[in-house]
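Residue strings, one per chain:
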Amino acid sequence: MNSLRRGVLSAAASALALGLVGCERGAGPGSDLTFRGVDITGADYARTLSLPDQTGTVRNLSDFKGKVVVVFFGFTQCPDVCPSTMAELAQIKKSMGKDGERVQGIFVSVDPERDTPEILKSYMASFDSSFIALRGTVEQTKAAAKEFKVFFGKVPGKTEGSYTVDHTAGSFVFDPTGKVRLFVRYGSGAEALTADLKALLAAG
């Protein structure tokens, strides 16, 4: 099974496990917005995230109040899902003009053993200079994944000692107040995500 297929299956499994399917339109308590992504307003998960960034500075979700924040769990050696997700977000940010300055991309590494700070710096720079990569210890990464209810796990490669990583292929979107609002499945498309980000920014 190739990495792209694993990613799509992981996204679907994650959505089913979290009870997200069929909840796309204004399902969250206190939400008067209609989203194209999966509305998880009021979720009792994905509430906190505190890990060192690629410069070693500990970052928290509260650091980005006033912006819509898109959080994606991935790894730099991912051949398809991860780079296409980050590239799409960078394109969306650019297309939004002035509003794009209030869009913050956050990449959480699920492969801290290989994703060194130097590699993450280069990886983020290849998409958008404002994007941030977070990298904790293996234990911290597992704790963050548990808080967000995302899956990741090593898959042995074809040669001894090599491996890839299966992981949930979807993004979490936080509104400008720092509350989680959306789960965006991989492959939803730039148009849908752009509309949702604009709606959240307009609502404040």
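This section reports on the structure supplied with the text. Remember, it's a predicted structure, so these values are computed and weren't measured experimentally.

Reading the values: rules and limits
Residues numbered from 1 in each chain as written. Predicted model: local features only at pLDDT ≥ 70, side-chain atom pairs only at ≥ 80, totals over all residues. Heavy atoms only, no water. Buried < 20%, exposed > 50% of the residue type's maximum accessible area, 1.4 Å probe, protein only. Helix = DSSP H or I, 4+ residues; strand = E, 2+ residues; numbered from the N terminus. Pairing = 2+ DSSP bridges. Right-handed = clockwise from strand over helix to strand, strands pointing away. Contact = heavy atoms within 4.5 Å. Polar contact = N/O pair within 3.5 Å; in protein donor to acceptor, adjacent residues only side chain to side chain.

**Focus on the pairing of strand S5 (residues 103–109)**
- For S5, the tally of buried residues reaches 7 of 7 residues, placing the bulk of the element in the interior.
- Every second residue of S5 is oriented toward a common face, with Val103, Gly105, Phe107 and Ser109 on one face and Gln104, Ile106 and Val108 on the other, all of them buried.
- Note that strand S4 (residues 68–74) and S5 share 7 bridges and pair parallel. Directly across from Phe73, in S5, lies its bridge partner Val108.
- Crossover S4 to S5 through helix H2 (residues 81–95) is right-handed.
- Alignment of S5 against strand S6 (residues 132–134), held across 3 bridges, turns out to be parallel. Note that in S6 the partner of Ile106 across the bridge is Ile132.

**Focus: the environment of Asp111**
- For Asp111, the location among the structural elements is in the loop between S5 and helix H3 (117–125).
- Remark: the alpha-carbon pair of Asp111 and Cys78, spanning 33 residues in sequence, is separated by 10.0 Å.
- Leaving out residues up to four positions away in the same chain, Asp111 has contacts with Gly74, Phe75, Tyr163 and Val165.
- Within the structure, Asp111 has its side chain in polar contact with the side chain of Tyr163 (distance 2.6 Å).

Purely spatial values, then, with no claim about function.
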